[in-house]
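Listed here are the chains, written in short residue letters.
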Amino acid sequence: MDSPKSNDSTNSGLRDSTSKANDEEQDELCPGFRNADAFVKYGLGAVLSATKASASLPQTGDEDDFYRSFPGFREFCESQGDKLLHCMSQIMQHHGCRSHLRDQSKLTGLEERFDLVVDSNDVILERVGILLDEADGVNRTQQPVLPAGFQPPKIVVSSWNRMVGSRSRSETFRLLHAKNVARPQLKFKEKVDNSNTPFIPKIFIKPNATKPLSSYFTNKQIRKQRPEDLDVPAALADLIHQQRTQEHVEDMFAHPYQYELDHFTVPEGLLSKPEPQMYKPISKTKCSFIDSLEDLVALNEKLCKLSEFAVDLEHHNYRSFLGLTCLMQISTREEDFIVDTIELRSELYILNEAFTDPAIVKVFHGADSDIDWLQRDLGLYVVNLFDTHQASRALNLARHSLDHLLKHFCTVDTDKRYQLADWRIRPLPEEMVQYARTDTHYLPYIYDCVRAQLLDFNHGQPGLLQSVWNKSRDISLKKYVKPIFTEESYLELQRKQKRSLNTQQLTAFRLLFAWRDKLARQEDESTGFTLPTHMMNKISEELPREPQGIIACCNPVPPLVRQQVNELHLLVQQAREMPLLKAEIVVPMTKGLTTIKKPEVTMFGPHDTSRVSESDLHHCSRDEMPVKQGMLFSEDEEEMDVSVRNTSGLVATAKITQFEVDLETPNDQDSHSVAQMKARRIIESFENPFRMYLPSSGVHISKNAKFDQSSKIYEISKRWKLQSIEQQQKELEAKREAKRKSKEEERKQAKQSYQESLQDVATVRQQAAESAKGDVKKRERVASEVGELTPKPSKKLLKSAEKPEKKEPPPQDDFNPFDYSQSDLKVFAGRHHKNAKGQKSSSGPGNRSMSYMAGKSERGVRQNWPKR
Ligand code: AMP
Ligand code: MN
Ligand code: ZN
């Protein structure tokens, strides 16, 4: 903004002209000023101080991030920013330039705003030039003066405020390092749950079910209930809540489509050799950006008619604790769709209708993460997945990446430059849209090709192809597991580092690790953004004495580290207070063990002697440690990572007895040496990491855990695992008995909750209708559907109701799926039942609706119903 000053000719010209105009026009030109000169002087002074002030603002990037982490600063900046934008728009409007700088709703990106400013500067400076020329006696008025905003952009008077370097270059840079992306989390309807509790599926309605969804998910009351809501004393409320939670634990952590996936069989036709159907060139393929509920509903209906479509996701994990699904690409044989999974996050569950339909193949490439992300953010599940990555493996291709498949089958070269782009950016730049669609566009064709090859490979036998489907099913059976912080999480990371730390360093590492985890969850940032591991290592190795030393360990300094440097300093101090001991003592493993080779004692790092007195070192000999000896990892062996045990160099099983040290006995303090006392403090600072596995009577709950609701729940879920098998079986028996008795009751409830969930969907559709303002026709269509009060059974429903005798009766083992064909299905009746290209028959497995029809159970008939 300061560059006009550098343009000497313009400035001197400006001064000349103003001094000339001085005498005649001073009154109108600059009211409040003695003359034009005074006005110009004042103006320049104002510009200069504004420039100075803006230059001394925190630099974009880390410094700015740091300041912005203070709400006061952020608010001030925002209000000042708004003022400035308002001022700028006024100036631009005054000059007749296009200006919608403050129009937030249009989501004009920074780039677009910047362009507007550049254009306006061009216009204004051009006008100044014309006026100066005029004043100089050069007449340019013969040239037509174009209306403002239509000025030809060829006059590059203001090239100074264009971005440096070639445009495409700077743009690529911006795309990959976008620093100005608004946090999408802010507009999520349902806030992100970073609490230290296990993930519970988001699903609340289960289309294509052969086994209905557990009441835990369909009944909002059960789900939302908290101990505080119970009208009894707190301690009792906790107990009741724990017990109620326990009742649902099995359902809470089950895969909602486990039953359907266990009983999934690949439709016969898909195991015979296909004739690959060539993809349409990208340039001739329609691509739709889906960011409204109405379009999403329409997309779902389109997908429900197909026999296959391809799916991919784009993800962001730097500025979020758990990660965010930013985009979903869907390609049919005809069209590409880019779904804004940020905008439609709470609505995407609608696609479960197509995603869990066993008659529709969902083609993914390398679906492992996608399956997690779909569950975590969108409540989506996949039944009938075909993973082309698994196909590539089965075919033994040279490489198994998507680029390779594209090269191999489609002779398409891809540019993976955008893979790590910041996919939160909105509006999505065209290049990124193009990149995103190539991830799915060719997949349906590749799906054909690999199927044909898998059959050829196996001399026409479907075994190999079937194995790919099985592997894909295993992937779709994956359950998302939330990262859980436990007292020993830091050790896992520490072990990977392959560095040996002394007790002080290890303590620092443990404290920093806990600080980082807590803050990252709280601020919804990744641990990598909060404090990268290599910086955490450096701090814990160096144990800086001053806060400044912590800053010095980090380059660049993470904003949250800068903000909380004093807290961090206290943690490091706390660690420094630990007696300096060999780290081996931390996990005693002497008695009853055969160590292959005594690990080298490298626990005293080069920095250490400064931190410990000679006498301390002297007293800290291993033999003197007041530690009971024992074995590591005994009962919970199967829970432990094998590699973990290997790294300890152990050959025998062991058990931690560290925590059995009788800390309660008031000790004859005098009889202990300084070192022994210090060692005692260490022991006290440790907690049995296996406390959650102990019988509840003697559970030792740490102070932290007491205040951490989440850890309690975590314990419950863990404790459930520990119930003796016997007890579990007894309970199961009792449950089964009770279930048999309450079958009738359950049916009623299921029906009711299903009706409720249907009503939820109706509300969503109403929302869609609402959102379709301006499109009256569409609105009418949706609204009329919602408003359909008379049940209008679909062809499908009629069919299944017409000939129920033909179907084998549903198995009676444990429960009866309720025949919802009898029930009132307003919402989904009469939609998407056309036969698309005769690909599917209306009575085959292609039948689908959001109901559990009798017809649906035929898939289950071939199998046994599950033992519950
Ligand atoms: P893709 O399936 O290749 O489209 O990748 C999906 C998402 O995974 C991307 O949006 C990235 O967030 C993430 N991702 C893919 N490849 C990498 C990689 N090499 N390193 C880190 N993240 C990756
Ligand atoms: Mn992918
Ligand atoms: Zn992708």
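The structure we're discussing is the one just above.
Before going into details, it helps to say that this report is about the structure given with it. As the structure is a computational prediction, the values presented were derived from the model and not from experiment.

Let us now look at the site of ligand 1. Surveying the vicinity of ligand 1 reveals the residues Asp312, Leu313, Glu314, His315, Trp373, Lys416, Gln419, Leu420, Trp423 and Asp439. In the model, an oxygen atom of ligand 1 is placed 3.1 Å from a nitrogen or oxygen of the aspartate 312 side chain. A distance of 2.8 Å is found between an oxygen atom of ligand 1 and a backbone nitrogen or oxygen belonging to histidine 315. Alone, ligand 1 offers 480 Å² of accessible surface; in the complex the protein occludes 61% of this. Top contributing element to the shell around ligand 1 by residue count: strand β2 (residues 308-316), with four residues.

Turning to the coordination of the zinc ion (ligand 3), a few remarks are in order. The protein atoms donating to the zinc ion (ligand 3) are Asp312 (OD), Glu314 (OE) and Asp439 (OD), with metal-donor distances spanning 1.9 to 2.0 Å. All donors to the zinc ion (ligand 3) come from one chain, and their sequence spacing reads D-x1-E-x124-D. Between the zinc ion (ligand 3) and the manganese ion (ligand 2), a spacing of 4.1 Å is present, and a bridge between the two is formed by aspartate 312. One exposure class covers both aspartate 312 and glutamate 314, and it is buried.

Cis geometry marks the peptide bond from arginine 426 to proline 427; its omega dihedral reads -10°. That bond from asparagine 555 to proline 556 is cis: its omega, 0°, falls within 30 degrees of zero. Mapping proline 556 onto the fold places it in the loop between α23 (547-552) and α24 (559-563). A positive phi angle, close to 50°, is found at aspartate 524, a residue other than glycine. Secondary-structure assignment places aspartate 524 in the loop between α20 (503-523) and α21 (527-530).

Turning our eyes to something else, we now look at the packing of aromatic side chains. Enumeration over the complete set of coordinates arrives at 20 aromatic pairs. When the centroid spacing of 5.3 Å and the interplanar angle of 45° are considered together, the rings of phenylalanine 33 and tyrosine 42 count as tilted. On the basis of relative accessible area, phenylalanine 33 is assigned to the partly exposed category, the value being 26%. For tyrosine 42, a relative accessible area of 53% translates into the label exposed. Site record: aromatic cluster; members linked through ring pairs are Phe66, Tyr67, Phe70 and Phe73. Lying across the ring of phenylalanine 66, arginine 562 places its NZ or CZ 5.5 Å from the centre.

On to the pattern of salt bridges, then. Throughout the structure, instances matching the rule amount to 24 salt bridges. Here lysine 482 makes a salt bridge to aspartate 193, at a shortest N to O gap of 3.5 Å. Residue lysine 482 is located in the loop between α18 (463-476) and α19 (489-497), and its partner aspartate 193 is located in the loop between α6 (167-177) and α7 (215-218); the two are separated by 289 residues in the primary sequence. The exposure class assigned to aspartate 193 is partly exposed, which follows from its relative accessible area of 42%. Residues arginine 345 and aspartate 377 are paired through a salt bridge, measuring 3.5 Å at the closest nitrogen-oxygen approach. Taken together, the residues span a long stretch of sequence, with arginine 345 in the loop between β4 (335-340) and α12 (352-355) and aspartate 377 in helix α13 (residues 368-378) at a distance of 32 residues. Taking the relative accessible area as the measure of exposure, aspartate 377 reaches 2% and is therefore buried. One salt-bridge network, in which partners are shared between bridges, spans Glu308, Arg333, Asp448 and Arg451.

The next subject is the sheet that holds β2. As a general point, the strands of a sheet are linked pairwise by backbone hydrogen bonds and lie either parallel or antiparallel. Spatially, β1-β4-β3-β2-β5-β6 is the arrangement adopted by the six strands of the open sheet, whose pairing is mixed. Looking at the sheet topology across the chains shown, the edges are occupied by β1 (286-290) and β6 (385-387). Each adjacent strand pair in this sheet contributes to an overall mean axis angle of 25°, direction not counted. Relative to β4, strand β3 (residues 324-331) runs antiparallel, the two being bridged by five bridges. Its bridge partner being in β4, isoleucine 330 is matched across the sheet by phenylalanine 337. Contacts between helix α11 (residues 293-304) and the sheet are confined to β1, β2, β3 and β4, with β4 contributing the most and set at about 140° to the helix. On the sheet, α13 packs against β2, β3, β5 (361-364) and β6 and is oriented at approximately 115° with respect to β3.

So, on to helix α4 (residues 71-94). One turn of the α-helix equals 3.6 residues, which is why residues spaced by three or four share an orientation. Compared with an ideal rise of 1.5 Å per residue, which puts 24 residues at 34 Å, α4 spans 34 Å between its outermost C-alpha atoms and is within 8% of the ideal. Along α4, the residues classified as buried are Cys77, Leu85, Ser89 and Met92. Of the residues one or two after α4, glycine 96 is the one with positive phi, at around 70°.

With respect to the secondary-structure elements, threonine 530 resides in helix α21. A distance of 2.8 Å separates the side chain of threonine 530 from the backbone oxygen of serine 526, its partner in a polar contact. The residues contacting threonine 530, other than those within four sequence positions of it, are Trp515, Arg516, Leu519, Ala520, Glu525, Pro558, Leu560 and Val561.

Now for the pairing of β3. With eight of its eight residues buried, β3 lies for the most part within the structure. Bridge count between β2 and β3: seven bridges; the pairing is antiparallel. Within β3, the position partnered with histidine 316 by the bridge is leucine 324. In sequence, β3 turns back onto β4 through a hairpin of three residues.

As a further point, take the pairing of β4. By the criterion of burial, β4 is predominantly enclosed, with six of the six residues buried. Both faces of β4 are covered, namely the face carrying Glu335, Phe337 and Val339 and the face carrying Asp336, Ile338 and Asp340. As paired strands, β1 and β4 are joined by five bridges and run parallel to one another. Note on β4: the bridge partner recorded for phenylalanine 289 is isoleucine 338.

Here the focus is the packing of helix α17 (residues 443-457) against α18. It is the contact of α17 with α18, at a shortest axis distance of 7 Å, that shows an interaxial angle of 130°. As the angle between them shows, α17 and α18 are arranged oblique. Together, Tyr447, Arg451, Leu454, Leu455 and Phe457 of α17 and Leu464, Leu465, Val468 and Trp469 of α18 make up the contact between the two elements. Partitioned by chemical class, the residues of the contact of α17 with α18 number eight nonpolar, no polar and one charged.

Another point: the nonpolar core. Within the largest apolar cluster, 43 residues are counted, with the highest numbers of intra-cluster contacts made by Phe386, Phe409, Cys410, Tyr442, Ile446 and Trp469. When sequence neighbours within four positions are dropped, the list of residues in contact with isoleucine 446 reads Thr388, Leu405, Leu406, Phe409 and Cys410. If you look at the next biggest cluster of nonpolar residues, it comprises 35 residues, including Val297, Val311, Val339 and Ile350.

Parameters and conventions
- Residues numbered from 1 in each chain as written.
- Chains lettered and ligands numbered in written order.
- Predicted model: local features only at pLDDT ≥ 70, side-chain atom pairs only at ≥ 80, totals over all residues.
- Heavy atoms only, no water.
- Near = heavy atom within 4 Å.
- Polar contact = N/O pair within 3.5 Å; in protein donor to acceptor, adjacent residues only side chain to side chain.
- Areas by Shrake-Rupley, 256 points an atom, 1.4 Å probe, with all protein chains shown as cover.
- Helix = DSSP H or I, 4+ residues; strand = E, 2+ residues; numbered from the N terminus.
- Donors = N, O, S within 2.8 Å, 3.2 Å for Na, K, Ca; no water.
- Buried < 20%, exposed > 50% of the residue type's maximum accessible area, 1.4 Å probe, protein only.
- Phe/Tyr/Trp six-rings, centres within 6.5 Å; stacked < 30°, edge-to-face > 60°.
- Lys NZ or Arg CZ within 6 Å of the ring centre and 35° of its normal.
- Salt bridge = Lys/Arg side-chain N within 4 Å of Asp/Glu carboxyl O.
- Pairing = 2+ DSSP bridges.
- Axes fitted to C-alpha atoms, helices over the stretch in contact; angles between N-to-C directions.
- Contact = heavy atoms within 4.5 Å.
- Expected span 1.5 Å × (residues − 1).
- Parallel < 35°, antiparallel > 145°, perpendicular 65-115°, else oblique.
- Nonpolar A, V, L, I, M, F, W, Y, C, P; charged D, E, K, R; others polar.
- Core = buried A, V, L, I, M, F, W, Y, C linked by side-chain atoms within 4.5 Å.

So far we have only geometry, and geometry alone does not tell us how the molecule works.
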